Amino acid sequence: MSIQHHLSDDILLDYAAGGLAEGWSLAAATHIALCPVCRARAAALDAIGGAALEDLTPAPISDDALDACLRLLDAMEADPALSAAPAGPGLLPTPLRAFVGGDVDVVAWRRVGGGVRQAPLGVRGGAKARLLYIPAGVAVPEHGHGGLEMTVVLTGSFLDKADVFAAGDIQVCDGAVDHQPISGDDGPCICLAVTDAPLRFRRLVPRIAQRIAGL
């Protein structure tokens, strides 16, 4: 796996600091699980943050601070989904498996049209996350963005203008981007897409499908 498209420094720093909403954090964690380069960068940022904490002047705490902290931990819902451990066997890395409930064979796909299928994932924080299945050689209808979109390729590839995005690559688009990605000829493209606003399709039929599928 030769990954060419990585997380920006700003996004990676927000991820390491815990400043990303769940959907964006899921996309970042999925890419990091697949990308040794960004995994090393994230580990370096964690180390820097840990060193900075060690240099802070200790502050006085109350006598019951430990008990209060333990009670808080007991009450918190475990969230293994955002662990960016290296990907293991199977197609879906650890972050996605926690949301899907297994590997790609248990994904509950819904038809969108033109052979394209999607599987919405339940994330909190306003953004929407979904798995997309796009058959080989199929072009996604031309569209723009009302907000931010992160796409992580899990298998296959897609061509967007002059750029090729293959397994492990991440693409980040904002409202300035208009494009028409085309799935590669090397098999179906399965990817994770996270958006915080509806896509802006240029043609009527995709706009109708959008209302039905909630894209």
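What this report covers is the structure whose coordinates are included nearby. Just so it is clear, the structure is predicted and the values come from calculations on it, not from any experiment.

### Brief notes about the overall build of the protein
Counting secondary structure elements, the protein contains 6 helices and 11 strands. Per-residue burial for the protein yields a buried fraction of 40% across its 215 residues. Summarising the internal contacts of the protein: among those between residues at least 6 apart in sequence, 67% fall at separations of at least 24. Entry remark: accessible area of the protein is about 11,700 Å², with carbon and sulfur atoms responsible for 57%.

### With respect to the side chain of Ser 157
The topology assignment puts Ser 157 in strand β6 (residues 157-160). Contacts of Ser 157, omitting those with residues within four sequence positions, involve Val 164, Phe 165, Ala 166, Ile 182, Ser 183, Gly 184, Asp 186 and Cys 189.

### Structural notes on unusual backbone geometry
Trans is the common state for peptide bonds, and a negative phi is the common state for residues other than glycine. In this model, Lys 161 sits at a positive phi of 60°, which is unusual for a non-glycine residue. In this fold, Lys 161 is placed in the loop between β6 and β7 (163-166).

### Quick look at the environment of Ala 127
Within the secondary structure, Ala 127 is located in the loop between β2 (116-121) and β3 (128-134). Since its relative accessible area comes to 7%, Ala 127 is described here as buried. C-alpha of Ala 127 to C-alpha of Trp 24: the two residues are 103 residues apart in sequence and 7.6 Å apart in space. Setting aside anything within four residues of it in sequence, one finds Ala 127 in contact with Trp 24, Val 194, Thr 195 and Asp 196.

### Here's the deal with the sheet that holds strand β5 (residues 149-155)
As summarised here, the arrangement of the 6 strands in space is β1-β2-β3-β10-β5-β8, forming an open sheet in which the pairing is antiparallel. Edge strands, defined here as strands with exactly one partner in the open sheet, are β1 (110-113) and β8 (170-173). Between one strand and the next, the sheet's axes are offset by a mean angle of 25°, whatever the strand orientation. Pairing of β5 with strand β10 (residues 189-195), which is carried by 6 bridges, proceeds in the antiparallel orientation. Looking at β10, one finds that Thr 151 is bridged to Ala 193. Helix α2 (residues 22-34) contacts β2, β3, β5, β8 and β10 of the sheet and is inclined by roughly 35° relative to β5.

### Thoughts on the pattern of salt bridges
Taken as a whole, this structure holds 3 salt bridges when the rule is applied. Arg 124 is the salt-bridge partner of Glu 22, the closest N and O atoms lying 2.7 Å from each other. Of this pair, Glu 22 sits in helix α2 while Arg 124 sits in the loop between β2 and β3; the two residues are 102 residues apart in sequence, bridging distant segments of the chain.

Criteria and cut-off values
- Residues numbered from 1 in each chain as written.
- Predicted model: local features only at pLDDT ≥ 70, side-chain atom pairs only at ≥ 80, totals over all residues.
- Heavy atoms only, no water.
- Helix = DSSP H or I, 4+ residues; strand = E, 2+ residues; numbered from the N terminus.
- Buried < 20%, exposed > 50% of the residue type's maximum accessible area, 1.4 Å probe, protein only.
- Contact = heavy atoms within 4.5 Å.
- Areas by Shrake-Rupley, 256 points an atom, 1.4 Å probe, with all protein chains shown as cover.
- Pairing = 2+ DSSP bridges.
- Axes fitted to C-alpha atoms, helices over the stretch in contact; angles between N-to-C directions.
- Salt bridge = Lys/Arg side-chain N within 4 Å of Asp/Glu carboxyl O.

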